[in-house]
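Topology and contacts: notes
Here is how the chains run, residue by residue.
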Amino acid sequence: VMFEVLADGLAFPEGPIAMADGSVVLVEMLGMRLTRVRPDGSVDTVAEMPGGPNGAALAHDGRIIVCNNGGKFAGALLTGDLHADPGDLYIGGRIQAVDLLTGTVEDLYVDCDGNPFAAPNDLVMDAHGGFYFTDNGFTRGRSTLESGIYYGMVDGSRVVEVEFPAFDANGIG
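Counting from 1, residues in each chain are numbered in the order their sequence is written. Local features in this predicted model are restricted to residues whose pLDDT is 70 or higher, and side-chain atom pairs enter the listing and the counts only when it is 80 or higher, whereas totals over whole chains, interfaces and linings include all residues. For the side-chain quantities, the full set of heavy atoms in the structure was used; hydrogens and water were omitted.

**Points about the pattern of salt bridges**
Note the threshold: By definition, a salt bridge exists where a carboxyl oxygen of Asp or Glu is found within 4 Å of a side-chain nitrogen of Lys or Arg. Segments assigned H or I by DSSP are reported as helices when at least four residues long, segments assigned E as strands when at least two residues long, and all are numbered from the N terminus. Here the term buried applies to any residue with accessible area under 20% of the maximum for its type, exposed to any over 50%, and partly exposed to those in between, with areas from a 1.4 Å probe on protein chains only.
What the rule picks out here adds up to six salt bridges. Glu106 serves as the salt-bridge partner of Arg63, at 2.9 Å between the closest nitrogen and oxygen. Residue Arg63 is located in the loop between strand E5 (53-58) and strand E6 (64-68), and its partner Glu106 is located in strand E8 (residues 105-109); the two are separated by 43 residues in the primary sequence. Residue class for Arg63 comes out buried when judged on its relative accessible area of 16%. Among the charged side chains, a network of salt bridges with common partners joins Asp61, Arg63 and Glu106.

What follows is the structure in structure tokens.
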């Protein structure tokens, strides 16, 4: 099997989205940005995203919805170890929407019923204007934020818990 490298130097790419123009939009978890890779291999930053953008999907309204783990794995930037404590780089988990034309980033959800998200990980869109997403959880010292599965509306109007706790929820389809 032969592979062709289209782009390199990406900082932990995740959540690739094939776009109609032939480009691929993806998050760079350790680069803290949303990036577009064009068919010719050129790379453009769409938006800077502090924390740790971890999963992405194209919403029905044309925006990109991003699961941001808040920097759960940002300790890797300091030590090279994905399990190292991120220190002050951890900003808390969140679900964000990015306008592809302007690069504007909007926090849609930072909690569900007052319970903060720890490390949103992956998501999948449905046909009803919403999406399911996982929160991978986060343990820091003796403090643990549990993992769960949630459902949110793309317009930011409602987020609900689907399954909690959910052991190490990572990926959803």
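**Let's talk about the sheet that holds E8**
The test is simple: Think of it this way: DSSP has to see at least two bridges between two strands before they count as a pair. Lines are fitted to the C-alpha atoms to define the axes, a helix being fitted only along its stretch in contact, and any angle between axes, read from their N-to-C directions, falls within 0 to 180 degrees.
Strand order in the open sheet formed by four strands is E5-E6-E7-E8, and the pairing between neighbours is antiparallel. Two strands in the sheet have a free side with no partner beyond their single neighbour: E5 and E8. Here the strands of the sheet are splayed against their neighbours by 30° on average, with no regard to which way each runs. Two strands pair when backbone bridges link them, and strand E7 (residues 94-98) and E8 are joined in this way by four bridges, in the antiparallel orientation. Considered in E8, the bridge of Ile95 is made with Tyr109.

**Observations regarding the nonpolar core**
Spelled out, the test is: Among buried residues, the Ala, Val, Leu, Ile, Met, Phe, Trp, Tyr and Cys ones that are joined through side-chain atoms within 4.5 Å form a nonpolar core. Residue contacts are counted whenever heavy atoms from the two residues lie within 4.5 Å of one another.
Among the nonpolar cores identified, the biggest contains 19 residues, and Ile65, Ile95, Tyr109, Leu123, Met125, Phe131 and Phe133 are the most heavily contacted of them. Only E6, E7, E8, strand E11 (120-125), strand E12 (130-135) and strand E15 (148-153) provide two or more residues apiece to this core. Broken down by element, the residue count for this core peaks at three residues, all from E15. Contact partners of Ile65, with chain neighbours within four places excluded, come to Gly55, Ala56, Ala57, Ala59, Ile95, Gln96, Ala97, Leu108, Leu123, Met125, Phe131 and Val154. Residues Val27, Leu34, Ala56 and Val66 belong to the second largest nonpolar core, which totals 13 residues.

**Topic: the environment of Gly103**
Topologically, Gly103 is positioned in the loop between E7 and E8. Residue Gly103 is classed as buried on the basis of its relative accessible area of 17%. The spatial distance from the C-alpha of Gly103 to the C-alpha of Val5 is 26 Å, given a sequence separation of 98 residues. In contact with Gly103, other than residues within four places in its own chain, are Val46, Ala47 and Val98.

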